[in-house]
Amino acid sequence: MLASTNQLFLSQQNQSIDQSVDRSKIKYSIGNAVYGRGDGEFTQPHGVAFDTVRGHLLVVDSHNNRIQVFSSCDGTFVCKFGQPGDKPGEFQLPYGIAIDHVHERLLVTDDKNWRVQVLSSLDYSVQSCFGSRGFGPKAKRFEFSYIPCLAIDHRNEHVVIVDSNNGRLQVLGLEDLAFSFFIGTKKGRQAVKLSNPVGVAIDHERDRLIVTDCHNNQVQVLSAAKGALVHKFGSAGDQPGQFNGPHGVCVDHQGRIIVADSRNYRLQAFTSEGEYISSFDCGRQSPFGLAYDEQRDLLAFSAGNQVHVIEAAQWLLPRNAAWTLERHQHAPKSVRQVVRTMMMIRSLVPESVVALLSNEMMLVIFSYLDV
């Protein structure tokens, strides 16, 4: 729902929300529908990350070879850093970003320099760089070929780096960034086979890695400590629970898995066991990066040349409260018609009174209709 005067001012000043995106659930958007190089403008942004300590939202402005920093409250521009090049602090197609609050640093994947850069999260100065180019079965540790994403596993004190074209994850120690093990190769964990992993997120509560495997159109859930396969879900298609090029992924405070289903132009939400919950329509924009702010219950995603921030409660139902038509399949015909009509109005008329009702209120209404 578009809310405050401040947000409307921001929208007019430096934002252009694609009319086909579901605006009723968007808190604010940053950037224009067309590419740009000015402050608060993007050219193909990818990775996003919430700095909950400082109240910032960091966006990897990939094709402008820089990182931009915004207020996570309203999307106000704060600062930027980085420029094209191959020296420390310079980038060639950065994609992924992760924040290590314990060591006050952030890690950025610098793809066409085949490396990861480590920067201070205080002043964004460069601390170190590591990595080189390597492709194929003989690719060694710290050799990369397309590194779209990485994540911080504080529970196991790991950094998990997606080495996409090599079909593997590289796991490093968090403190010293020393190599620990591979996942997805003959040199690593045998039970896991990854074709083209592009996204990774950490489910700290369940000690799991959530990995999107783009070419297989599925999500693999792995043990974070050992890298073994726990379960997987998804298949190719455009139906609920199916994917067409899944990319970014994140986990919210209730363990729900949220996936950027890129070429289906939507986000999909699942339970921690992979059961489909709901979808968010991104219109004509392909979503890529995803991040979740547990403190404010916000979900950020990059799509096209913009970044959108959703109030997650406006979209996602509470855990174990997912509603489907099957819950009323044995109800009288009149009841089923009421439910179908209300859900149709919510879906097709986003500015209607029914659409503005919270998911929680809808569940209360439906509970009176339950049989």
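Before reading on, note that the structure itself is shown above.
Residues numbered from 1 in each chain as written. Predicted model: local features only at pLDDT ≥ 70, side-chain atom pairs only at ≥ 80, totals over all residues. Heavy atoms only, no water.

Now for the sheet that holds strand 3 (residues 56-61). One open sheet accounts for four strands, arranged 2-3-4-5; its pairing is antiparallel. On the outer flanks of this sheet lie strand 2 (48-51) and strand 5 (77-81), each paired with one strand and no other. Across this sheet, the average inter-strand angle for adjacent strands is 20°, counted without regard to direction. Judged from the four bridges that link them, strand 2 and strand 3 form a sheet pairing that is antiparallel. From the neighbouring strand, Phe 50 faces strand 3, where its bridge partner is Leu 57. (Pairing = 2+ DSSP bridges. Helix = DSSP H or I, 4+ residues; strand = E, 2+ residues; numbered from the N terminus. Axes fitted to C-alpha atoms, helices over the stretch in contact; angles between N-to-C directions.)

Glancing now at the side chain of Asn 196. With respect to the helices and strands, Asn 196 occurs in the loop between strand 17 (179-183) and strand 18 (197-203). The class for Asn 196 is buried, based on a relative accessible area of 8%. (Buried < 20%, exposed > 50% of the residue type's maximum accessible area, 1.4 Å probe, protein only.)

Covered by surrounding structure in strand 14 (residues 150-153) are Leu 150 and Ile 152 together with Ala 151 and Asp 153, the residues of both alternating faces. Here four bridges tie strand 14 to strand 15 (residues 158-163), and the two strands are oriented antiparallel to one another. Looking at strand 15, one finds that Leu 150 is bridged to Ile 161. Linking strand 14 back to strand 15 in an antiparallel pair, the connection comprises four residues, with Glu 157 at a positive phi of about 55°.

This part takes up the pattern of salt bridges. Scanning all chains against the criterion turns up 14 salt bridges. Between Arg 66 and Asp 61 there is a salt bridge, with its nearest N and O atoms 2.7 Å apart. In this pair, the class of Arg 66 matches that of Asp 61, namely buried. The partner of Asp 252 in a salt bridge is Arg 256, and the shortest N-O contact between them spans 2.6 Å. The exposure class assigned to Arg 256 is buried, which follows from its relative accessible area of 5%. (Salt bridge = Lys/Arg side-chain N within 4 Å of Asp/Glu carboxyl O.)

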